[in-house]
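What follows is each chain in one-letter form.
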Amino acid sequence: NIALEILNQWPPSSVTVRVNWMVYGLIIVWFVPLQETKRRLLETYQLGMKIGSFSTSMYPLCFCSRIALLEGENLSVLHQSNSRDLKTMTKYNLHCAKLSVLDMVMIDELRGIDSNTFSMFNGSFGNDEKDIIIDAQLKGDNYLLGYAYQRRFFSVKKFSFRVDFFAISRCVSTVICL
């Protein structure tokens, strides 16, 4: 709250957008209802777009999608909104687009369909999730790598596949330690 109060003393800027999405998406999300967090993140996204902080405003948009998934949003509706948002993210922030593509893969798995999400990008993200993981490893992008492994963990838990949870936890531990 102190950081947000200090920021409110100046006109909105890209710093405002960045601090808001970090506070709402990474901290407050654990202490307030998801609907409130999603509302604040959506306001942060709209503020960023209004002031021209296009790249930074894609992070709260991406987080809104993940929160909608956690809230139990209808998967077909979520798929449609993610498809729309992915076009915006691809235009302004490829990192966020990659995060959202991983969410789309999970949504497809939960829906039991393959909407061929990667074909939307004509190969610019590779052909599947493995290509995003390899690219993240090569670039040392631990955030994207952790997100990818987290997505796999959620999918494994949801479908109750028989897997080696030790292997998954080792991958996640490796990312965290990097």
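Report follows, based on the coordinates. (Residues numbered from 1 in each chain as written. Predicted model: local features only at pLDDT ≥ 70, side-chain atom pairs only at ≥ 80, totals over all residues. Heavy atoms only, no water.)

### Focus: the packing of helix H4 (residues 54-71) against helix H6 (residues 94-111)
Now for step 1: Following both chains from N to C, one finds H4 and H6 inclined at 15°, their axes separated by 9 Å at the closest point. The angle between H4 and H6 falls in the class roughly parallel. Here H4 and H6 pass one another in a crossing that is left-handed. Two secondary-structure elements touch here, H4 through Met 58, Tyr 59, Cys 62, Ser 65, Arg 66 and Leu 69 and H6 through His 95, Cys 96, Leu 99, Ser 100, Asp 103, Met 106, Ile 107 and Leu 110. (Axes fitted to C-alpha atoms, helices over the stretch in contact; angles between N-to-C directions. Helix = DSSP H or I, 4+ residues; strand = E, 2+ residues; numbered from the N terminus. Parallel < 35°, antiparallel > 145°, perpendicular 65-115°, else oblique. Left-handed = near helix turned anticlockwise from the far one by under 90°. Contact = heavy atoms within 4.5 Å.)

### A few points about helix H3 (residues 34-51)
Now for step 1: Relative to the 26 Å expected for 18 residues at 1.5 Å per residue, H3 spans 26 Å between its end C-alpha atoms, a close match to the ideal helical length.
Now for step 2: Every buried residue of H3 is accounted for by Thr 37, Leu 41, Thr 44, Tyr 45 and Gly 48. Seen from one end, H3 has its buried residues packed into an arc of 100°, which puts them on one side. In H3, those exposed residues whose orientation departs by more than 90 degrees from the buried face are Gln 35 and Lys 50.
Now for step 3: Next to the buried residues of H3 lie helix H2 (14-27), H4 and helix H5 (75-92). (Expected span 1.5 Å × (residues − 1). Buried < 20%, exposed > 50% of the residue type's maximum accessible area, 1.4 Å probe, protein only. Arc of directions from axis to C-beta.)

### Describing the side chain of Ser 57
Now for step 1: With respect to the helices, strands and loops of the structure, Ser 57 is situated in helix H4.
Now for step 2: Beyond its immediate sequence surroundings of up to four residues, Ser 57 is in contact with Val 17, Tyr 45, Gly 48 and Met 49.

### Brief notes about H6
Now for step 1: The end-to-end C-alpha distance of H6, which contains 18 residues, comes to 25 Å, matching closely the 26 Å that a straight helix rising 1.5 Å per residue would cover.
Now for step 2: With 13 of its 18 residues buried, H6 lies for the most part within the structure.
Now for step 3: Residue Asn 93 occupies the N-cap position of H6, its side-chain oxygen lying 3.0 Å from the main-chain nitrogen of His 95.
Now for step 4: A positive backbone phi angle near 75° is found at Gly 112, which sits one or two residues after H6. (Polar contact = N/O pair within 3.5 Å; in protein donor to acceptor, adjacent residues only side chain to side chain.)

### Considerations on the layout of surface pockets
Space left empty within the atom packing is revealed by a probe, the size of a water molecule, rolled over the atoms.
Now for step 1: Computed from the structure, the largest pocket encloses a volume of approximately 510 Å³.
Now for step 2: Put simply, the parts of the chain that give the lining of the largest pocket at least two residues each are H2, H4 and helix H8 (142-159).
Now for step 3: Take the lining of the largest pocket: its biggest share by element is 5 residues, from H8.
Now for step 4: Partitioned by chemical class, the residues of the lining of the largest pocket number 10 nonpolar, 3 polar and 1 charged. (1 Å grid on protein atoms, 1.4 Å probe; cavity = no way out; pocket = protein on both sides within 12 Å on 5 of 7 lines; lining within 4 Å. Points joined across faces, edges and corners; volume = space filled by probe spheres on them. Nonpolar A, V, L, I, M, F, W, Y, C, P; charged D, E, K, R; others polar.)

### Regarding the nonpolar core
Now for step 1: Leu 41, Met 89, Val 101, Phe 125 and Ile 132 are the most contacted members of the largest nonpolar core, which has 35 residues in total.
Now for step 2: Among the secondary structure elements, those contributing two or more residues to this core are H2, H3, H4, H5, H6, helix H7 (129-139) and H8.
Now for step 3: In this structure, Leu 69, Leu 78, Met 106 and Ile 107 belong to the second largest nonpolar core, which totals 5 residues. (Core = buried A, V, L, I, M, F, W, Y, C linked by side-chain atoms within 4.5 Å.)

### Examining the pattern of salt bridges
Pairing of side chains with opposite charge becomes possible as their charged atoms draw close.
Now for step 1: Taken as a whole and assessed by the stated rule, the structure comprises 11 salt bridges.
Now for step 2: For Glu 36, the salt bridge is made with Arg 39, and the minimal N-O distance between the two is 2.5 Å. You can see Glu 36 and its partner Arg 39 sitting in helix H3, 3 residues apart, about one turn around the helix.
Now for step 3: Note on Arg 39: relative accessible area 38%, which makes it partly exposed. (Salt bridge = Lys/Arg side-chain N within 4 Å of Asp/Glu carboxyl O.)

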